Amino acid sequence: MAKLSIEDLELAGKRVFIRVDFNVPQDKVTGEITNTKRIEAALPTIQYALDKGASVVLASHLGRPNGQVTPKFSLAPVAKKLSQHLGKEVVFAADANVVGENAKAAVAAMNDGDVVEFLFNV
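Anyway, here's the lowdown on the structure attached to this text. Keep in mind it's a predicted model, so treat the numbers as computed, not measured.

1. Re the pairing of strand β1 (residues 15-19)
- Alternating positions in β1 separate cleanly, Val16 and Ile18 being buried on one face and Arg15, Phe17 and Arg19 remaining unburied on the opposite face.
- Sheet topology places β1 next to strand β2 (residues 55-60); five bridges connect them, and they run parallel. Its bridge partner being in β2, Arg15 is matched across the sheet by Ser55.
- Of the crossover connections in this fold, the one passing from β1 over helix α1 (residues 37-51) to the parallel β2 is right-handed.

This is how it looks when you write it as C-alpha cells:
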C-alpha cells in the first residue's frame, strides 16, 4: 500500500492538524527561544498547507512537571516566533486541558489560511 504525503491531498478549504515537535530550548531567565531549528524544520509543511488554502492546527508540548501547568513551559514564545517566520499571526490557544474551551473556540473561529497552535500533555 502506497503511503500518501501532504502533496497527495486536496487541502483547499480543509482544516489540517499537524503534530509538530516544538520542544525548543529557551533561556531560563527571559524565556527567549535559543535555538529555532525545530520551528524552521516544520515551516515547509506548514507553509505548503497554507499555500494550498488550508487552515492549520498545530499541536506540540514542552512539558507539565508533576501534571501541573507551568508558565515557563508555555508555547506562547513559540507561537510568537512562528508568527515572525510565517509573516502572519499564529493564534496561541492556551488551555489547561488537552483540548479545552480556548482551543475549541480558536479552532471554531478559524478561516482558511489561519494558524492555531495549542499545547497538549503527552
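Let's pick the thread back up.
2. A word on the pairing of β2
- Within β2, six of the six residues are buried, leaving the element largely enclosed by the surrounding structure.
- Residues Ser55, Val57 and Ala59 line one face of β2 and the alternating positions Val56, Leu58 and Ser60 line the opposite face, and both faces are buried.

3. Side note on the environment of Lys14
- Looking at the element boundaries, Lys14 is found in the segment before β1.
- In this structure, the C-alpha to C-alpha distance between Lys14 and Gly53, residues 39 residues apart in sequence, is 7.5 Å.

What counts as what
Residues numbered from 1 in each chain as written. Predicted model: local features only at pLDDT ≥ 70, side-chain atom pairs only at ≥ 80, totals over all residues. Heavy atoms only, no water. Buried < 20%, exposed > 50% of the residue type's maximum accessible area, 1.4 Å probe, protein only. Helix = DSSP H or I, 4+ residues; strand = E, 2+ residues; numbered from the N terminus. Pairing = 2+ DSSP bridges. Right-handed = clockwise from strand over helix to strand, strands pointing away.

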